[in-house]
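Structural overview
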Amino acid sequence: MEQRSDTFLDNASEALKNVEQAKRRDIIATFAPLMRSAAIEGFDEFDTLRQHVKRVREHALDHLEYYLGQFEQQAVQNGNHVHFARNSDEFNSVVLDICQQHDARRVAKGKSMVTEETGLNSFLQRAGLEVMETDLGEYIIQRAGETPSHIVAPALHKSAGEIRALFQSTHDLGARDLPETVDLVAEAREVLREHFLKAEVGIIGANALVAENGYSMLVTNEGNGDLCANLPRVLIVCTTIDRVLPLAQDATAMLRLLVRSATGQAQTCYTSFYSGPRRDSDVDGPIETHFVLLDNKRSDILDSDYREMLECIRCGACLNHCPIYSSVGGHAYGWVYPGPMGSILTPLLTSLEQSHALPNACTSCGRCAEVCPADIPLPDLLRDLRHEENSRKLSAGRWRLGIKLHGWLARHPKLYQLSTAIAIHTLHLFGRKRGSYSSLPMASGWTSQRDFPAPQGKTFMQQYKARLKRLAEQRNEH
Amino acid sequence: MNERDREHSSPQRRKQVALFVTCLADLFRPSVAFASIKLLERAGCEVSVPLQQTCCGQPAYNSGNYEEAVPLAQQVITMLADADYVVAPSGSCAGMICHHYPRLLEGEWRERALELAAKTFELTVFLNDIAHIKPPGKKPSAAIPSVAYHDGCAGLRELDIREQPRQLLRDLCGIEVSELQQREVCCGFGGTFCAKMPEISGKMVDDKLNDIMATGADVLAGGDLGCLLNIAGRARRQGKKIEVRHIAELLQQDRDTPAIGEGK
Ligand code: SF4
């Protein structure tokens, strides 16, 4: 997918000006956390389960090669083809090859952030295939020519009114005007059904790969994943190498955290395991099945200090609880993954050069880490990325210099106290009447939004030292 | 009760507290530090102020300049090594010492950081949970204002400060806090964040301010000057009437000092 993370500040500024969308984001930011906490409240095992799943994930990543090998062996034994792709280009080519081998014209596609990452849709379309997204949210943004704004709810930024207008302009509706939300859903379902039946290839994602039996697991609320998997002749499961877990029970344990954290449900409507092609005794199912597993720098992350990021289960809770995400929305981040997890993944999967603004879009408020079911210390990783930004001199020179000067001064207490006393006294003189300044030459970032409260006068250290001196003199007099 | 608590709970010996003033209180609002000293003394402590103190290193640390933050952390650790207790009128500075110094440092320095962390407390936690400050004999004479409280993020999530400030306002001043709808949400300060991403920060502080104004409170109290400067500054800019103060001032019944951002 094309990236515009380098203009994050401009993207954000534009997003803030869209009052309608901003209002909707505010509402979602109020309700999503309530739904999550309601789901967690009655679920006492949450914390123990979180620790358990974390250990399992750590173990799986520690032995990634082993478990990927086991998965591959089992999956092949079940009659699947397993492909590994080092990068997006390889990944897209593998998928296209499979489609072409089957003379496919149409692809029915379930929700998959990995294929967003590789830009699979446009790649297949350029090769002449018709690709139809079948998850309702994905379908809507595909029709609108947009990208997902949230990893779980891709069309979160769209109102029912906008969706209605979209269908009115792109569907052949005749006299129907789709007054209710259910009408919109029914309309999409009608269009999609047709496509499910005609598609030769189905593409879906996976929430986990199970090494012990070679299955993949997928949760959806719409059941579209199962239709993509079972109706077309060929099924391609697209995911990444870090999704592998040792046991089926690990996958279901993870699921209990995932769904509650993502949507506040105890369970999604559909939880499916995919084992392989149709057997003689099966009445339906694909005749050929493939797994395409993308690396795209994940093995580099495995060897880096950001390894914990691979434990992310893509629940979206950190987005829902991030005040910056809810202020600017997902598109401002300029790539596939937004919010706290995206601000870490984007630099790691693309480059820090293009995206170093993202790790700065954080106040270290810590709400994301508090809710993250994978227990990833997101603010720490974001700070570590800022450290890297700093070390590689990608941050603005005046900031680096400012911090350096401040650090130097703070290491020299006498000089620090003297110079701050002078600076504060001057500031106080100019601002004491009004109590604050509406503009300050050195702090335009601050004063563009708010007044700068004036200091009270002498610094505490000045006053305190004077007081100690007075006390000493009094003592001497006696 | 840990060893140290037991050792200090003997009535003969007063708790020896080193005040970590914090750079914002030092430079912008000395009244907070003076109020903190009085409160600690009221709670029966003997307070000293180490004179070498400057800054805990948070600006450097949070900007990702660990190389500048390390010597500052070491300076603070050395300065406070002999203190029995360290108290800071800020959740974010106490959080820096308690959580981030050990993360930032390695080896022997990490050990020393952990020692310092074990005896460092945010002001309201220390007054309420450790020193058990007693309510004043007579009820406050001045009219009781209606007070909203802003929970700083580091206090909330690094130090689990939730009830202590509310308990103190209740016990010492007879004030029942008017709660915000979104207590858990950041005010948009974030140290250098507010200057690096002013527009987003402006939106966040507006949300916070709307929440505060909706409580109908006369006073906004908080435990972190960073947040309070941010909120007071935005209130001034928007012409919203709210008296913004550090909780130490309120607990010390000091409302004569002009509020944050107010003129004489
Ligand atoms: S980082 Fe944590 S909270 Fe965010 S999407 Fe991943 S698992 Fe969910």
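Keep in mind the model is a prediction, meaning the values are calculated, not measured. Numbers given to residues run from 1 along each chain, matching the order in which its sequence is written. As a convention, the first chain written is A and the first ligand written is 1, with the rest following in written order. Where totals are concerned, whole chains, interfaces and linings use all residues; where local detail is concerned, this predicted model gives features only for residues with pLDDT of at least 70, and gives and counts side-chain atom pairs only at 80 or more. Think of the side-chain values as coming from all heavy atoms in the structure, minus any hydrogens and water.

Turning our attention to unusual backbone geometry. Residues and elements named next belong to chain A. Its identity is not glycine, yet N296 carries a phi of approximately 40°, on the positive side. Residue placement: N296 occurs in the loop between β10 (288–294) and α13 (298–302). The classification of residues rests on relative accessible area computed with a 1.4 Å probe and restricted to protein chains. Under 20% of the type maximum is buried, over 50% is exposed, and intermediate values are partly exposed. Among the residues examined, N296 registers a relative accessible area of 10% and is labelled buried. The backbone of K297 shows a phi angle near 75°, a positive value even though the residue is not glycine. Secondary structure elements follow DSSP: runs of H or I no shorter than four residues count as helices, runs of E no shorter than two count as strands, and numbering proceeds from the N terminus. Looking at where K297 falls in the secondary structure, it is placed in the loop between β10 and α13. Judged by its relative accessible area of 34%, K297 is partly exposed.

With that out of the way, let us pick up the site of the ligand. Proximity is defined per residue: any heavy atom of the residue falling within 4 Å of a molecule or strand makes that residue near it. Close contacts around the ligand come from 13 residues, with A:C312, A:C315, A:G316, A:C318 and A:C372 the closest. Any residue outside Ala, Val, Leu, Ile, Met, Phe, Trp, Tyr, Cys, Pro, Asp, Glu, Lys and Arg is labelled polar, Gly included; the first ten of those are nonpolar and the last four are charged. Its residues assigned to classes, the shell around the ligand comprises 11 nonpolar, 1 polar and 1 charged.

It is worth spelling out a nonpolar patch on the surface at this point. All names here are of chain A. Only residues whose relative accessible area exceeds 30% and that form no salt bridge are eligible for patches; like-charged ones are grouped when within 9 Å, while nonpolar side chains (Val, Leu, Ile, Met, Phe, Trp, Tyr) are grouped when within 5 Å. Per-residue and other accessible areas follow the Shrake-Rupley method at a 1.4 Å probe size, with only the shown protein chains counted as cover for residues. Between Lys or Arg on one side and Asp or Glu on the other, a salt bridge is scored when a side-chain nitrogen of the former is within 4 Å of a carboxyl oxygen of the latter. Side chains of I27, F31, L34 and M35 sit close together on the surface and give an oily, nonpolar patch of about 420 Å² of accessible area. Mapped onto the elements of the fold, I27 is located in helix α2 (residues 19–41). Classification of I27 by relative accessible area gives partly exposed; the value is 48%.

This part takes up the pairing of strand β6 (residues 215–220) of chain A. Residue and element names in this part refer to chain A. Within β6, 5 of the 6 residues are buried, which leaves the element mostly enclosed by the surrounding structure. Pairing between two strands requires that DSSP report at least two bridges joining them. One ladder, built from 3 bridges, connects strand β5 (residues 208–210) with β6; its direction is antiparallel. Bridge pairing in β6 places V210 opposite Y215. Turn length for the β5-β6 hairpin, with the two strands adjacent in sequence and antiparallel, is 4 residues, and the turn residue G214 shows positive phi of about 75°. Note: β6 against strand β9 (residues 270–274), 5 bridges, orientation antiparallel. Bridge pairing in β9 places S216 opposite Y274.

Here the domain parsing of chain A yields domain 1 (43–296) and domain 2 (399–477). Domains are outlined according to an automatic or database domain assignment. Between the C-alpha centres of domain 1 of chain A and domain 2 of chain A there is a distance of 58 Å.

This brings us to the side chain of B:S36. Relative to the helices and strands, B:S36 resides in helix α3 (residues 30–42). When residues no more than four places from it in sequence are discounted, the contact partners of B:S36 are B:L19, B:P89, B:L123 and B:A248. Contacts are residue-level and defined by heavy atoms, with any inter-residue pair within 4.5 Å sufficient.

Okay, the pattern of salt bridges next. Here the structure, examined in full by the defined rule, presents 44 salt bridges over all chains. Here B:K203 makes a salt bridge to A:D26, at a shortest N to O gap of 2.7 Å. Taken together, the positions of B:K203 in helix α12 (residues 198–214) and A:D26 in helix α2 put the pair across two chains. A:D242 serves as the salt-bridge partner of A:R243, at 3.4 Å between the closest nitrogen and oxygen. The same class applies to A:R243 as to A:D242, namely buried. Sharing partners across several salt bridges, the network here consists of A:E370, B:R157, B:D160, B:R162 and B:E184.

On to empty space enclosed by the protein, then. Residue and element names in this part refer to chain A. The way it works is a 1 Å grid over only the protein atoms, where trapped points that fit a 1.4 Å probe form a cavity and open points with protein on both sides within 12 Å along at least five of seven lines form a pocket, and then any residue with an atom within 4 Å of a point lines it. Grid points are joined across faces, edges and corners, and a volume is the space filled by probe spheres set on the points. The full count for this structure, using the stated rule, is 9 cavities of 30 Å³ or more. By volume, the largest cavity amounts to about 110 Å³. For the largest cavity, the lining is made up of 15 residues, of which C322, P340, C362, T363 and C368 are closest to its centre. Elements represented by at least two residues in the lining of the largest cavity include exactly α15 (323–328) and α16 (339–349). The dominant element in the lining of the largest cavity, judged by the number of residues it contributes, is α16, at 3 residues. Counted by class, the lining of the largest cavity contains 9 nonpolar, 6 polar and no charged residues.

Facing 69 residues of chain A, the contacting portion of chain B comprises 71 residues. With both sides pooled, the region where chain A packs onto chain B buries about 6100 Å², and carbon together with sulfur makes up 58% of that total. Linking chain A to chain B there are 7 salt bridges. As used in this structure description, the phrase polar contact means that two N or O atoms lie within 3.5 Å; if the pair is within protein, one of them must be able to donate a hydrogen and the other to accept it, and residues adjacent in sequence are counted only when both atoms belong to side chains. At the junction of chain A with chain B, the criterion picks out 30 residue pairs in polar contact (both at pLDDT 80 or more). Buried area, as used here, totals the accessible surface that two parts lose on assembly, with accessibility defined by a 1.4 Å probe and the loss added over both.

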